[in-house]
Structures are given as C-alpha cells and as structure tokens.
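# Structure at a glance
Residue strings, one per chain:
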Amino acid sequence: MPSINNVRCILIIGSTSGLGRALALSILDLPSKPTVLVCGRRQERLDELVSSYGADGRLKAINLDVNTGPAALKSAIHDIVKTYPDLDAVMFSSGVQHEFDFRKPETVDLDALLTELNTNYTSVVTMITFFLPHLIALGEAGRPTFLYTISSGLAMMTAPWLSNYCATKAAVHSLSLALSVLLKEKNVHVVEIIPPLVESELHHAQGTTEELSKVWMPLSEFTRLTMEELVTEATQIPIGVTAQAYQKFEAGKIEATNQMFQHYKAGGR
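Counting restarts for each chain: residues are numbered from 1 in the order of the written sequence. pLDDT decides what is reported in this predicted model: residues at 70 or higher carry local features, side-chain atom pairs at 80 or more are listed and counted, and totals for whole chains, interfaces and linings draw on all residues regardless. Each side-chain value is derived from all of the structure's non-hydrogen atoms; neither hydrogens nor water enter the calculation.

Put simply, the test is: UniProt positions are given in the numbering used here, feature names are shortened, and annotations may be inferred rather than shown by experiment.
As annotated in an unreviewed UniProt entry, the chain carries the name NAD(P)-binding protein and is attributed to Scleroderma citrinum Foug A. Its UniProt record, at the heading Sequence similarities (unreviewed entry), says of the chain: "Belongs to the short-chain dehydrogenases/reductases (SDR) family."

### Thoughts on the sheet that holds strand β2 (residues 35-40)
The condition that has to hold: At least two bridges found by DSSP between two strands is the condition for calling them paired. To qualify as a helix, a DSSP run of H or I must reach at least 4 residues; to qualify as a strand, a run of E must reach at least 2; elements of each kind are numbered from the N terminus. To obtain an axis, a line is fitted to C-alpha atoms, over the contacting stretch when the element is a helix, and the angle between two such axes runs from 0 to 180 degrees between their N-to-C directions.
Read across the open sheet, the 7 strands follow the order β3-β2-β1-β4-β5-β6-β7; overall the sheet is parallel. Looking at strand neighbours, the two that pair on one side only are β3 (59-63) and β7 (236-238), the edges of this open sheet. For this sheet, the mean angle separating the axes of adjacent strands, direction not counted, is 15 degrees. With 6 bridges joining them, strand β5 (residues 145-150) and strand β6 (residues 188-194) adopt parallel strand pairing. When the bridges of β6 are listed, Thr 149 appears paired with Glu 192.

### Considerations on the packing of aromatic side chains
For any pair of aromatic rings, the description rests on two quantities: the centre-to-centre distance and the angle between the ring planes. Rules: Pairing of aromatic side chains requires ring centres within 6.5 Å, counting the rings of Phe and Tyr and the six-membered ring of Trp. Pairs whose planes differ by under 30 degrees are stacked, by over 60 edge-to-face, and all others tilted. Three labels apply to residues, based on accessible area from a 1.4 Å probe with only protein chains included: buried if under 20% of the type maximum, exposed if over 50%, partly exposed otherwise in between.
A complete count under the given rule lists 2 aromatic pairs for this structure. Each ring, one from Phe 146 and one from Tyr 148, has its centre 5.8 Å from the other, and the planes form 10 degrees; the classification is stacked. Note on Phe 146: relative accessible area 0%, which makes it buried. Between Phe 261 and Tyr 264, the ring centres sit 6.3 Å apart and the planes meet at 15 degrees, which makes this aromatic pair stacked. Taken together, the residues Phe 261 and Tyr 264, both in helix α9 (residues 253-265) and 3 residues apart, mark about one turn of the helix. Residue Phe 261 is classed as buried on the basis of its relative accessible area of 16%.

### What to know about α9
Put simply, the rule is: What a helix should span is 1.5 Å times the count of its residues minus one. Working definition: the arc comes from the directions between the helix axis and the C-beta atoms, pointing outward to the latter. Any two residues whose heavy atoms approach within 4.5 Å are treated as being in contact.
In a regular helix each residue adds 1.5 Å, so 13 residues correspond to 18 Å; α9 covers 18 Å between its end C-alpha atoms and thus fits that length. Buried within α9 we find Ile 254, Thr 257 and Phe 261. Buried residues of α9 fall within an arc of 55 degrees about the axis and therefore sit on the same side. The exposed residues of α9 that point more than 90 degrees off its buried face are Gln 259 and Met 260. Packed against the buried residues of α9 are α5 (163-183) and β7. Positive backbone phi, at 105 degrees, marks Gly 267, one or two positions downstream of α9.

### Details of the environment of His 134
Looking at where His 134 falls in the secondary structure, it is placed in helix α4 (residues 110-140). For His 134, the residues in contact, after removing those within four places along its chain, are Val 81, Pro 85 and Leu 87.

### Quick notes on the packing of helix α3 (residues 70-83) against α4
Each pair of packed helices can be summarised by the angle the axes make with each other and by the distance between the axes. The condition that has to hold: The handedness criterion is simple: a crossing whose near helix is rotated anticlockwise from the far helix by less than a right angle is left-handed, and one whose near helix is rotated clockwise is right-handed. Under the scheme applied here, ten amino acids are nonpolar (Ala, Val, Leu, Ile, Met, Phe, Trp, Tyr, Cys and Pro), four are charged (Asp, Glu, Lys and Arg), and all others, including Gly, are polar.
One way to put it is that α3 packs onto α4 with a least axis distance of 10 Å and a crossing angle of 35 degrees. Crossing of α3 against α4: the hand is right-handed. For the pair formed by α3 and α4, the contact residues are Pro 70, Leu 73, Lys 74, Ile 77, Ile 80 and Val 81 on the first element and Ser 123, Thr 126, Met 127, Phe 130, Phe 131 and His 134 on the second. Taken together, the residues that form the contact of α3 with α4 break down as 8 nonpolar, 3 polar and 1 charged.

### What about the side chain of Lys 169?
The residue Lys 169 is located in helix α5 in this model. For Lys 169, the residues in contact, after removing those within four places along its chain, are Ile 150, Ser 151, Ser 152 and Ala 155.

### Let's talk about unusual backbone geometry
Non-glycine residue Lys 33 carries a positive phi angle of around 55 degrees. With respect to the helices and strands, the residue Lys 33 is situated in the loop between α1 (18-28) and β2. A positive phi angle, near 65 degrees, is found at Asn 187, a position not held by glycine. For Asn 187, the position within the fold is in the loop between α5 and β6.

### Observations concerning the state of the cysteines
Here is the rule: Whenever a pair of cysteine sulfur atoms sits within 2.5 Å, that pair is classed as a disulfide.
For the coordinates displayed, the defined rule picks out 0 disulfides. Looking at the unpaired Cys 9, the closest cysteine sulfur is the one in Cys 39, lying at 12 Å. We classify Cys 9 as buried; its relative accessible area is 3%.

This is the structure:
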C-alpha cells in the first residue's frame, strides 16, 4: 500500500487548531513537498496559517463549515475539486466534544448532541460520499488516492460522561474499517488515526483543560508519532495508550472484515 509520501495534494478539514493544524504543518514539511489545503470555518485562523507558513505557495486556505448541510457541502466540494484537480487525499479532523448525563435526561441538550453527531460523523460520511467520485476516478487511472479519518481511543473504550462523543468516534472507526476493505480495489486507501487523549482546544468549553493537561499526550509528541506511522503502509494507526486497547479489542478485525466481504462477494450472507 502506498503512504502519505505519495500524496501530491491533501485537503485537511478542521485544520485551524489542534490535531488538524499540527498534522497539516507536518505534512507541509514532507520532503515530497505536497500542496496542503487547510480548511475550516474560522477565516482569521486560516489567514494566519497562510501568512505564517505559505510563503512558497504550497499552503492554501479554504473556508468551510461542515455543519452547513448536504447541499452546501456538495457544492463546496464540487468547487474544491474543480479548483484543485490534483487533489488526491482528504483528511477529516473536525470535531467537538460535549458531556451529557443521561441519569438526568432533562439536562441533555439535544441541539448540542445533534451538532456533535453531525460534526464528528454525519458530515464526514457525507463529504466522503461527495469526494469519492473524484478520488475513485484518479485511483482507477492508476494514481493512489487517500482518505484519512481520525477516530479516538474512546471508540474502543467508552467514557460514560462522553457517551455521544464515543458513539460518533465508534461510528467513524466502523466506517473506516468498511471503507478500507471496500475501496482498496478502487485504489482508494483509507487510513484511520486513533489518538489517545491529546493536548487540544477541544476541552476548553468543558472547563476540563487544567485537569486533563496533567495526563494528556502533548500535541507535539502525538504529531511526531503519527507522522512516523503515516509514512509507512499502515491502515490503522493507534497512538500511545490506544495501542493497548487496539491490541485487546481490535487486532485482526480488518482481516476479518475483508474475509466477510469476500464471502459476501462470493454469494454468501
């Protein structure tokens, strides 16, 4: 399987902060010199990225809110592919996290719950659907293309106070397994990054940053470890402590998923 070293042009959705921003800048520094399209809804942060790191013209900015709805996303993706026909990789890094206490159902904010579901999962599968015709066409023409998803160790070990967040990441994980098997024959390669608790603005809104900063993985360490794996042919990349949960609960599952699919294609159910 090819690796990120083969990428010529990558779009990173949710790259104005946190994991997405750090990975975008590291990918920009690869010796292969890919074009990196940073993408998010906060224009001032996109402008800062381009002004600080875009001197050689390989860093471009795209303003996009993943919660705009399917029709708007389809139009935006059409424009992106038209503007950047060399696009051969998309990474999905947008994410929000909320706490819900289902012991007190009257306190559950359903608007926040649905926004979390859409940001973390529904918009991802929607955008993948709209990007795939372009990526498949390139793949079938002989050029490897890539989808990079970011799930979480919480996809494997649920935190009850983050029940909906864990569910969205479990959905991303399951989708990644399925697409990895389905799309391989189209020369579209799906790589799932599985982070542990990492230094991030994600926790500011909950007021848990001070407490979590004592135990989280520094963003610089996460970025280094992830890039070391992205340049290999790995299809699933558990980082740090998530590797332990992966070995316990997930090792061998992608092979089993492929066997199930082959059985299905042969006429079995």
